[in-house]
Amino acid sequence: MLKVILIGTGNISRFLFDVLNVHPSVNIVQVVGRNKQALEYFGKSTPVSSKFEKLIEADVYILAINDGAISEVAHQLDIKKGMLVHTAGSVSIEALPTELRRGVLYPLQSLSGSIPEKIQEIPLCVEASIKEDYSLLEKLAYCISNRVERLNSEERRQLHLAAVVANNFSNHMFYLASEICKDQGVPFDLLRPLIRESCNKIMNLSPYEAQTGPARRGDQETIDEHLEMLKESSLQKIYKTLSESIQTTYGKEL
C-alpha cells in the first residue's frame, strides 16, 4: 500500500484526498497545511499538521499548493526518503530540490472542490526525475484515472497554456455573454442549450470543423452591426480580435 502525504489544503489537495482516501491501494498518512480551518476537512479521518517541518515518513509527498510557492516550500521540507511531487501544469520539475527524488502529477482538469464527473477520463500528466520512479508515480496516478500520460516539463507547460485558452478563456466569454444578457434583460439561461451543444460537438468534431457564426461565413454586415451594438470599447476589441482570427483561419478577411 502506498503511503501518501498531501501538502496543501486547497482544491487540488481536496480532490486528491477525496479520491485517494477511499482507494484500497493508498493510505493517506498525513495532510499538512498552514490553514488550520481548512485542515478540519481532512482531520476527520486523517492525521493533520500545520507544521511543514514535521512530516512523517511516506512513499510520496504531494505538494498541492500555489504555483508561485512551490519552490520555496519544497526547499523547506525535511524529507529523508520517498518521492516529492508537485501538481502544477506550468512549473518545471526543476523547481523541486535536486537532492530529492522528484516528480510531477498534473491533473488536467478544472477543480473547484468537488469530484468531477467521469473522473476515470481525467488526463493525469506525470514526470519523474529518474526513470525508475515512473512506475511508482504511474501506480499512484492509475488509482485516480485510467488515462495517464508521460510529459516532460516543456510539453506540460505548452499543454497548460492550451488548457487556459480552451477552458479559462471560454468561461470568461460565457461571463461576458451573461453580462450582455443582464444589461438587456434577456435570460442567460436561454444560451445554456447552445453552450452545451457546442461543447458536445467538439467531442466528435475538431474545433476547426465545428466553427460556425458570422465570422466563419464572412457575414461582414452582421459583424459591423454587432460592433456597433457593443458599447464598451473592451468588448468591441475582443469581438473584433476574435472575428479577425476566425476569418484569417478560414481564409476570409475583414
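Each remark here, short or long, concerns the structure printed above.
These notes cover the structure that comes with them. Residues take numbers from 1 onward in each chain, read along the sequence in its written order. Residue-level local features of this predicted model are given only where pLDDT is at least 70; pairs of side-chain atoms are given and counted only at 80 or more, and the full residue set underlies all totals for whole chains, interfaces and linings. In computing side-chain properties, one takes all heavy atoms of the structure into account and sets aside hydrogens as well as water.

**Considerations on the sheet that holds strand β3 (residues 48-49)**
We call two strands paired when DSSP finds no fewer than two bridges between them. Working definition: helices are DSSP H or I runs of at least four residues, strands are E runs of at least two. Numbering for both runs from the N terminus. What the 8 strands build is an open sheet, ordered β3-β2-β1-β4-β5-β6-β7-β8; its pairing is mixed. Two strands in the sheet have a free side with no partner beyond their single neighbour: β3 and β8 (148-150). The pairing of strand β1 (residues 2-7) with strand β4 (residues 60-63) spans 4 bridges and is parallel. Bridge pairing in β4 places Ile7 opposite Leu63.

**Looking at the packing of aromatic side chains**
For any pair of aromatic rings, the description consists of the separation of the ring centres together with the inter-plane angle of the planes. Ring geometry is summarised as follows: Phe, Tyr and Trp rings, the Trp one being its six-membered ring, pair when their centres sit within 6.5 Å, and such pairs are stacked at plane angles under 30 degrees, edge-to-face over 60 and tilted between the two. Going through the model one piece at a time under the given rule, you end up with 4 aromatic pairs. Measuring from ring centre to ring centre gives 5.3 Å for Tyr41 and Phe42, while their planes differ by 85°; the resulting arrangement is edge-to-face. Members of the aromatic cluster, connected to one another through ring pairs, are Phe17, Tyr41 and Phe42. In this scheme, Lys NZ or Arg CZ marks a charge over a ring once it lies within 6 Å of the ring centre and within 35 degrees of the ring normal. The ring of Phe52 carries the charged tip of Arg34 above its face, separated from the ring centre by 4.4 Å.

**Structural notes on helix α2 (residues 36-43)**
Under the scheme applied here, a residue whose accessible area is under 20% of the maximum for its type counts as buried, over 50% as exposed, and between as partly exposed, the area being computed with a 1.4 Å probe on protein chains only. Residues of α2 that are buried: Ala38, Leu39 and Phe42. Buried residues in α2, looked at end-on, bunch into an arc of 105°, giving them a common side. α2 presents Lys36, Gln37 and Glu40 as exposed residues on the side facing more than 90 degrees away from its buried surface. A contact between two residues is defined here by any heavy atoms of the two lying within 4.5 Å. Those residues of α2 that are buried are in contact with α1 (11-20), β2 (26-32) and β3. Relevant arc is that of directions from the helix axis to the C-beta atoms, nothing else.

**What about the pattern of salt bridges?**
Here a salt bridge means any side-chain nitrogen of Lys or Arg lying within 4 Å of a carboxyl oxygen belonging to Asp or Glu. Across all of its chains, the model carries 12 salt bridges by this definition. Between Lys182 and Glu179 there is a salt bridge, with the nearest N and O atoms lying 3.2 Å from each other. Of this pair, Lys182 and Glu179 both sit in helix α5 (residues 153-184), 3 residues apart, roughly one helical turn. When its relative accessible area of 58% is taken as the criterion, Lys182 is described as exposed.

**Here's the deal with the environment of Ser206**
Relative to the elements of secondary structure, Ser206 occurs in the loop between α6 (192-201) and α7 (207-210). Remark: the alpha-carbon pair of Ser206 and Ser112, spanning 94 residues in sequence, is separated by 27 Å.

**Section: the nonpolar core**
When a protein is soluble and globular, its nonpolar side chains tend to lie buried together. Residues grouped as a nonpolar core are buried Ala, Val, Leu, Ile, Met, Phe, Trp, Tyr and Cys residues, joined through side-chain atoms within 4.5 Å. In terms of nonpolar packing, the biggest core is built from 32 residues, with Leu6, Phe15, Leu20, Ile62, Leu105, Leu140 and Ile144 touching the most fellow members. Those elements giving two or more residues to this core turn out to be β1, α1, β2, α2, β4, β5 (83-86), β7 (124-128) and α4 (134-141). One finds Ala58, Ile65, Leu77 and Ala95 within the second-largest nonpolar core, a separate group that totals 21 residues.

**Remarks on the side chain of Ser145**
Mapped onto the elements, Ser145 comes out in the loop between α4 and β8. A polar contact of 2.9 Å, which involves the side chain of Ser145, links it to the backbone oxygen of Gln120. Within the structure, Ser145 has its side chain in polar contact with the backbone nitrogen of Arg147 (distance 3.0 Å). Excluding residues within four positions of it along the chain, Ser145 makes contact with Ile119, Gln120, Glu121, Ile122 and Leu124. Contacts described as polar in this section are N or O atom pairs within 3.5 Å, which, within protein, must combine one atom able to donate a hydrogen with one able to accept it, while residues neighboring in sequence count only if both atoms come from side chains.

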